[in-house]
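Spelled out, the chains give:
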Amino acid sequence: MKLLKLFLIFSGLLFASDRAQAQQKEYVCTPCGSSCDSTIYLKPGSCEVCRMDLIEKKFTAYKNLSFEEICNRVSLNPLIVLLDVRSSSEFKG
């Protein structure tokens, strides 16, 4: 009986630990195109490399394009409009 009780207590502790880890938020820097875009942080703040604000990873969905990919897309669609949406601090950074 004691063994069963210990097992249940231990199982409960493991479950609580797993649940706490699953609820841990992950943060990444605001995508800037640098290698730091793939660094994961466990608390909010700013990126240690580019100093961009960190955002929750679950809110990021982007694809980095190479210079060649952009050139190909523009050449296939000459009416394409490229819009730079960086803030002034991002532009200067």
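Above this text you will find the structure in question.
Residues numbered from 1 in each chain as written. Predicted model: local features only at pLDDT ≥ 70, side-chain atom pairs only at ≥ 80, totals over all residues. Heavy atoms only, no water.

Q: I tried to follow the environment of Arg 73 on my own but got confused; where do I start?
A: Its location among the elements puts Arg 73 in helix 2 (residues 67-76). Owing to a relative accessible area of 47%, Arg 73 belongs among the partly exposed residues under this scheme. If sequence neighbours within four positions are ignored, Arg 73 has contacts with Lys 63 and Leu 65. (Helix = DSSP H or I, 4+ residues; strand = E, 2+ residues; numbered from the N terminus. Buried < 20%, exposed > 50% of the residue type's maximum accessible area, 1.4 Å probe, protein only. Contact = heavy atoms within 4.5 Å.)

Q: Before we go on, may I ask you to explain the layout of surface pockets in this structure?
A: A probe as big as a water molecule, rolled over the atoms, marks out the empty space that is left. Approximately 800 Å³ is the volume found for the largest pocket. Pro 31, Cys 32, Gly 33, Asp 84 and Arg 86 are the residues nearest the centre of the largest pocket, which is lined by 23 residues in total. Of all the secondary structure elements, the ones that give two or more residues to the lining of the largest pocket are helix 2 and helix 3 (88-92). The biggest single contributor to the lining of the largest pocket is helix 2, with three residues. Looking at the lining of the largest pocket, its residues break down into twelve nonpolar, five polar and six charged. (1 Å grid on protein atoms, 1.4 Å probe; cavity = no way out; pocket = protein on both sides within 12 Å on 5 of 7 lines; lining within 4 Å. Points joined across faces, edges and corners; volume = space filled by probe spheres on them. Nonpolar A, V, L, I, M, F, W, Y, C, P; charged D, E, K, R; others polar.)

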